[in-house]
Amino acid sequence: MLRRRLLSVLITTGLVATALVPAGIAALPGAAASPAPPAREAAAGDGAARTAASARYRATIRWTEHGIPHITARSFGSLGFGSGYAAAEVSLCTLADTLVTGRGERSLWFGPDGTYNDQVTLEASNLQVDTFVTDLRDRRVVEKLLADPVAGPGKQARAMVRGYVAGLNRWLRETGRNGVTDPACRGKGYLRPDVTPLDLWYGVYLANLLASAGVFLPEIVDADPPTLTEPGLPELPLRAEAVDRDRLLAGFGRDPDAPFGSNATAAGRSATSTRKGMLLGNPHFPWRGRYHFTQQHQTIPGRYDVAGASLIGSPVINIGWNKDVAWSHTVSTAYRFTPYEYRLLGPTTYLTESGPKQLEHRTVRVKVREGGRVRTVTGDVWRTDQGYVIDDPAQLMPWSPLSVWAIRDANGEHLRTLDTFLAMGKATGVRDLLRRQDRGAGMPWVNTTAADARGNVLYADHSVVPHVTTAMEQRCMTPVGRVLDQVAGLPGLDGTLAESACAWGSDADAQRPGILGPGNLPHVIRRDWVMNANDSYWLPNDRVRLEGFPSIVGCERCERTMRTRAVADYVVRRLASGRRETPASFRRHQHENRVMMAEVMRADGALGRVCAATGETEACAALAAWDGRSDRTSRGVHLFEEFVERLPTVPLDLVETVWRVPFDPSDPLHTPRGLNDANPLVVQAMADAIAAVRDAGVAFDAPWGTLQVAGDRGAPAIPLGGGDGEVGNANVLSSRWARDNSGEYKPITYGSSHIQAIAYLPGGGLDARTILTYGQSEDSTSPWSTDQTRLFSQERWVRFPWTDAQIRRDLLHTDVVAGP
């Protein structure tokens, strides 16, 4: 398809391949290997020159192996144009779906009862999503932010968005909806070349809300005043020690059974053989939907040169590198919102310091398509001065006769995300990267781990966090709000004082009021190593402790996950052996596939004794023979994963614990430990796991690669190593909402995604190895749909072409694109 696109572009624009190659780009020997331009192009003559001269946007896209676009332009607008054009080539259906969502038109095109699942935190009906988005548009939320000189985007980000949309529209005009080859959206009526920059900005804004208002979207749209038949009582009990913590966290978008996370490790000059920085980044993201990545390389000669990966609908690089610094992200533990509880004087009258106020009742109209007919449906939402009202009894926040809850959302108050990522791409080192990130002040919900060519490394959680100090929390929490804080770390504040004593504060060093400034957020810059695997900021390596920050950012002196312990142990063990990390050893950590929890549980033979207590000799023999890894050839992984899934999670005061040695904050990377083989519930978990494997008709010693396979759209059942993060896999792979290959034991739809291993070299330059686990193209008919999945299965890497010489070496063909 990519080769066909080249011919299409040359014919429809009348441009020759050299007409728009920006200054500073060498002649492309590989371009001569492309099909010769047809006679029609040659006949264009002066028309081609006039088109090139009058075009507002011009970009050259050099496509290399695996469908990676290298986009070169002379301005940020034209760079966005090339990025949008390339995005349409490899991810049109999801990109179009994202824009339909941002327009509030899901019910119009997909029906009101269909489910929208972003594969991360949001699952709602199309009508619920449209009701929420339509209210945002009715209130002109994004338009107001675009006009805000502080909370709104800068000139270059605006130019990138305008260009991106123009590039997408250009592709759609050339191809036509019936020319689309992806069967998921071929011929669909919403594939129209009328996308506006505002459509894309709404898409960006909704992505900002992923860890905040988006979590509560159904509870916002379905909120209604209490009635006699539905009084809105909270689910009891309201004592912290009796609340189901996992359920509460799941309701806040932090489901322990389906975590949204990543790993990132950076090694500096005192830990590397090169005496330069190295980065290993592995975001754990969905393998389909709007939060999957595509790769790109963006260049403005002499001004900007950055490569990496972007989420669908992002004109800028989100995770990547330039010649001086490389970075990756992991989901942060900080909250982006606070719930406010208001006392009620009537079903819709709430109390404030200045007296009673009426809730704002907003009505929205949504177009829906049912049975071939389009009609208008009316919905409604409610608001206080702080934000949307929610009705969420399961999370202890109902709309009751006595009180009502609303959330204030820090990520709903800015449009600075693209500026932040764009600025990071210009950084000259980790310190400069952090300064630029802070000036952007739009890092929505992630930590940053980075390494630079000087050999410095950075860990930082300088994301967007409400300015809620620990002192203010203690002063302002309501009784139920205190339970939320004790169980989930989220303070519920007194809405009566939301404009005064319990209002979000300000820091002099913050880019805008209402958020914590850099001085109140954790970071560390070192020359040895740092990491994060979605635990809080407290422990960036085995020697450093970051403490004294507001509790809304995360916990301190708290237990680490087995995945954190695994990621840290890779580097600790290497350095303890007296060897520095080399580029090869560092990237090998990605595929070591150690299962940390198994290593801990096998100590002193405890795991074997637990299995023996079940009397299941065949299963126990398979478990004993297991190599303790999650390689494709490992046998017994599935039995262990099933066991861990069934371990008791009831409050610890009711039963003996799983571990004999509890967590000790003075030894966080080695505790808890000592599997409690005397606990009958632990033995029962093993017996239940064995029964589950037997009932599934799977051999206890089946090779892991025959059970765990690719499950993204259109992928064959490619065998995969890695596994669940809960058991201590760093190479996380999970099965969630599987559709393709759903008959397999474990079809993978989530986990390791855009993996990058970047090493800066002693003589200058860098070694960039990447793998996009699910392939660059989401079109199942494309050769770039599963090629990288097969490489990932074989534990191989792509040598990402970074220099002009490397790009020429891997060049497939060149598109030269221009448009209004």
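Note: the structure precedes this text.
Computed from a predicted structure; not experimentally measured.

1. Side note on the layout of surface pockets
Next, step 1: Within this model, the second largest pocket holds a volume of roughly 720 Å³.
Next, step 2: Those elements that place two or more of their residues in the lining of the second largest pocket are helix H4 (76–103), helix H5 (106–110) and strand S3 (115–117).
Next, step 3: Of the residues that constitute the lining of the second largest pocket, the class distribution is nine nonpolar, ten polar and eleven charged.

2. So, empty space enclosed by the protein
Next, step 1: What the rule picks out here adds up to eleven cavities of 30 Å³ or more.
Next, step 2: Put simply, the largest cavity is a space of about 280 Å³.
Next, step 3: As for the largest cavity, its lining consists of 20 residues, of which Leu311, Asn318, Thr417, Phe421 and Trp445 are closest to the centre.
Next, step 4: When residues of the lining of the largest cavity are traced back to their parent elements, those giving at least two are helix H9 (197–208) and helix H12 (417–424).
Next, step 5: Here the lining of the largest cavity is composed, by residue class, of twelve nonpolar, seven polar and one charged.
Next, step 6: Around the second largest cavity, the lining comprises 15 residues; the ones closest to its centre are Tyr116, Asp118, Leu122, Leu206 and Tyr291.
Next, step 7: In terms of residue count, the dominant contributor to the lining of the second largest cavity is helix H6 (residues 126–138) (three residues).
Next, step 8: A class-by-class count of the residues in the lining of the second largest cavity yields ten nonpolar, three polar and two charged.

3. Overview of the sheet that holds strand S21 (residues 523–526)
The pairing of strands in a sheet happens through backbone hydrogen bonds and is either parallel or antiparallel.
Next, step 1: As summarised here, the arrangement of the ten strands in space is S21-S19-S18-S10-S9-S8-S7-S2-S1-S32, forming an open sheet in which the pairing is mixed. Each edge of the open sheet carries a strand with a single partner, namely S21 and strand S32 (811–819). Neighbour-to-neighbour, the strand axes of the sheet open up by a mean angle of 20°, direction not taken into account.
Next, step 2: As defined by bridge partners, strand S9 (residues 319–321) adjoins strand S10 (residues 325–331) across two bridges and the pair is classed as antiparallel. Among the inter-strand pairings, Gly320 is bridged to a residue of S10, identified as Trp327.
Next, step 3: Where H4 meets the sheet, it contacts strand S1 (57–64), strand S2 (68–72), strand S7 (293–300), strand S8 (304–311) and S32, and its direction lies at approximately 45° from that of S1.

4. Let's talk about the packing of H12 against helix H13 (residues 430–440)
Next, step 1: It is the contact of H12 with H13, at a shortest axis distance of 8 Å, that shows an interaxial angle of 165°. By the criterion of interaxial angle, the relationship of H12 to H13 is roughly antiparallel. Considering only the axes of H12 and H13, their crossing is right-handed. For the pair formed by H12 and H13, the contact residues are Thr420, Ala423 and Met424 on the first element and Leu433, Arg436, Gln437 and Gly440 on the second.

5. What to know about the environment of Trp659
Next, step 1: Secondary-structure assignment places Trp659 in strand S23 (residues 659–661).
Next, step 2: A relative accessible area of 14% means that Trp659 is categorised as buried.
Next, step 3: Trp659 sits 20 residues away from Asn679 along the chain, and the two C-alpha atoms are 9.3 Å apart.
Next, step 4: With residues up to four places along the chain from it excluded, the contact list for Trp659 reads Met562, Met597, Val600, Met601, Pro672, Arg673, Gly674, Leu675 and Asn676.

6. Describing the environment of Gly313
Next, step 1: Residue placement: Gly313 occurs in the loop between S8 and S9.
Next, step 2: The class of Gly313 is buried, set by a relative accessible area of 8%.
Next, step 3: Residues Gly313 and Met562 lie 249 residues apart in sequence; the distance between their C-alpha atoms is 33 Å.
Next, step 4: Discounting residues that sit within four places of it in the chain, Gly313 has contacts with Leu95, Tyr164, Leu200 and Val204.

7. A closer look at the state of the cysteines
Next, step 1: Using the criterion set out here, one finds four disulfides in the structure.
Next, step 2: The disulfide that involves Cys93 links it to Cys185, with 2.0 Å between the sulfurs. Across the disulfide from Cys93 to Cys185, rotation about the S-S bond amounts to roughly -75°, and the bridge is consequently left-handed. You can see Cys93 sitting in helix H4 and its partner Cys185 sitting in the loop between helix H8 (155–175) and H9, a full 92 residues away along the chain.
Next, step 3: The disulfide bridge from Cys476 ends at Cys502, spanning 2.1 Å between sulfur atoms. Negative torsions about the S-S bond denote left-handed disulfides, and the value of about -95° found for Cys476 with Cys502 makes this one left-handed. One end of the pair, Cys476, is in helix H14 (residues 470–476); the other, Cys502, is in the loop between strand S20 (493–494) and S21, with 26 residues separating them in the sequence. Neither residue differs from the other here; Cys476 and Cys502 are each classed as buried.

8. Details of the pattern of salt bridges
Next, step 1: Counted under the stated rule, the structure contains 33 salt bridges.
Next, step 2: Put simply, Arg62 and Asp804 hold a salt bridge, and the shortest N to O gap is 3.1 Å. Of the two residues, Arg62 sits in strand S1 while Asp804 sits in helix H24 (residues 804–810), which places them 742 residues apart along the sequence.

9. Describing the packing of aromatic side chains
Next, step 1: Enumeration according to the criterion identifies 19 aromatic pairs in this entry.
Next, step 2: Note on Trp109 and Tyr190: the rings are 5.8 Å apart at their centroids and 75° apart in plane angle, and the pair reads as edge-to-face. With Trp109 in helix H5 and Tyr190 in the loop between H8 and H9, this residue pair connects regions lying 81 residues apart in the sequence.
Next, step 3: In this structure Trp109 comes out as partly exposed when scored by relative accessible area, which is 24%.
Next, step 4: An angle of 75° between the planes, with centres 5.0 Å apart, marks the rings of Tyr342 and Tyr350 as edge-to-face.
Next, step 5: A residue is classified by how much of its surface remains accessible, and Tyr342, at 3% relative accessible area, is buried.
Next, step 6: An aromatic cluster is defined as three or more aromatic residues linked by ring pairs; in this entry it consists of Phe216, Phe252, Tyr335 and Phe337.
Next, step 7: Across the ring face of Trp109, the terminal group of Arg369 is positioned such that the distance to the ring centre comes to 5.3 Å.

10. Some remarks on helix H16 (residues 562–576)
Next, step 1: Along its 15 residues, H16 runs 20 Å from first to last C-alpha, staying within 8% of the 21 Å computed at 1.5 Å per residue.
Next, step 2: The largest bend in H16 amounts to roughly 30° and is located at Asp569.
Next, step 3: Most of H16 is tucked away, with eleven of its 15 residues classed as buried.
Next, step 4: What H16 keeps buried is the set Met562, Arg563, Thr564, Arg565, Ala566, Val567, Ala568, Asp569, Tyr570, Val571 and Arg574.

11. Considerations on the pairing of strand S11 (residues 337–346)
Next, step 1: Counting buried positions along S11 gives eight out of ten residues, so the element sits mostly inside the fold.
Next, step 2: Bridge analysis of S11 against strand S17 (residues 403–409) gives seven bridges, and the strand direction is antiparallel. Following the sheet pairing, Thr338 is matched in S17 by Arg408.
Next, step 3: Inspection of the sheet shows S11 paired to S20 by two bridges, in the parallel sense.

12. Considerations on the nonpolar core
Next, step 1: Formed by 200 residues in total, the largest nonpolar core has its most connected members in Leu92, Phe132, Trp201, Phe216, Phe252 and Trp321.
Next, step 2: By residue number, the principal contributor to this core is H4, which donates 14 residues.
Next, step 3: If we ignore the near neighbours within four places in the chain, the residues touching Phe252 are Val215, Phe216, Tyr335, Gln395, Met397, Leu484, Ala488 and Leu490.
Next, step 4: Membership of the second largest hydrophobic core comes to 39 residues, among which are Trp626, Val637, Val644 and Ala702.

Cut-off values and rules
Every chain begins its residue count from 1, and numbering advances along the sequence as written. Only residues with pLDDT of at least 70 are given local features in this predicted model, and only at 80 or more are side-chain atom pairs given and counted; all residues enter the totals for whole chains, interfaces and linings. The side-chain quantities take in all heavy atoms of the structure and omit both hydrogens and water. Of the grid points, spaced at 1 Å and generated over the protein atoms alone, those admitting a 1.4 Å probe that cannot get out make up cavities, while open sets with protein on both sides within 12 Å along at least five of seven lines make up pockets; any residue with an atom within 4 Å of a point is treated as lining. Grid points are joined across faces, edges and corners, and a volume is the space filled by probe spheres set on the points. Only runs of H or I of at least four residues qualify as helices and only runs of E of at least two qualify as strands under DSSP, and these elements are numbered from the N terminus. Residue polarity follows a fixed list, in which Ala, Val, Leu, Ile, Met, Phe, Trp, Tyr, Cys and Pro are nonpolar, Asp, Glu, Lys and Arg are charged, and the others, Gly among them, are polar. Criterion used throughout: strands pair if DSSP finds at least two bridges between them. Note on geometry: axes are C-alpha line fits, over the in-contact stretch for helices, and angles between N-to-C directions span 0 to 180 degrees. Contact criterion: two residues are considered in contact whenever any of their non-hydrogen atoms come within 4.5 Å of each other. Put simply, angles under 35 degrees are roughly parallel, angles over 145 are roughly antiparallel, angles from 65 to 115 are roughly perpendicular, and the rest are oblique. Helix crossings are classified by the rotation of the near helix relative to the far one: an anticlockwise turn of less than a right angle makes the crossing left-handed, while a clockwise turn makes it right-handed. Partly exposed residues are those whose accessible area sits between 20% and 50% of the maximum for their type, while under 20% is buried and over 50% is exposed, using a 1.4 Å probe and protein chains only. When the sulfur atoms of two cysteines come within 2.5 Å, that pair is taken as a disulfide. Salt bridge, as used here: a side-chain nitrogen of Lys or Arg that lies within 4 Å of a carboxyl oxygen of Asp or Glu. Classification of ring pairs rests on two measures: the distance between centres of Phe, Tyr or Trp rings, Trp counted by its six-membered ring, which must be within 6.5 Å, and the angle between planes, read as stacked under 30 degrees, edge-to-face over 60 and tilted in between. Look at NZ for Lys and CZ for Arg. If either is within 6 Å of the ring centre and within 35 degrees of the ring normal, a charge sits over the ring. Here the expected length of a helix is defined as 1.5 Å per residue gap, with one fewer gap than residues. Fitting one axis to the seven residues ending at a residue and another to the seven starting there, the bend at that residue is the angle between the two axes. Throughout this description, the term nonpolar core refers to a set of buried Ala, Val, Leu, Ile, Met, Phe, Trp, Tyr and Cys residues connected via side-chain atoms within 4.5 Å.

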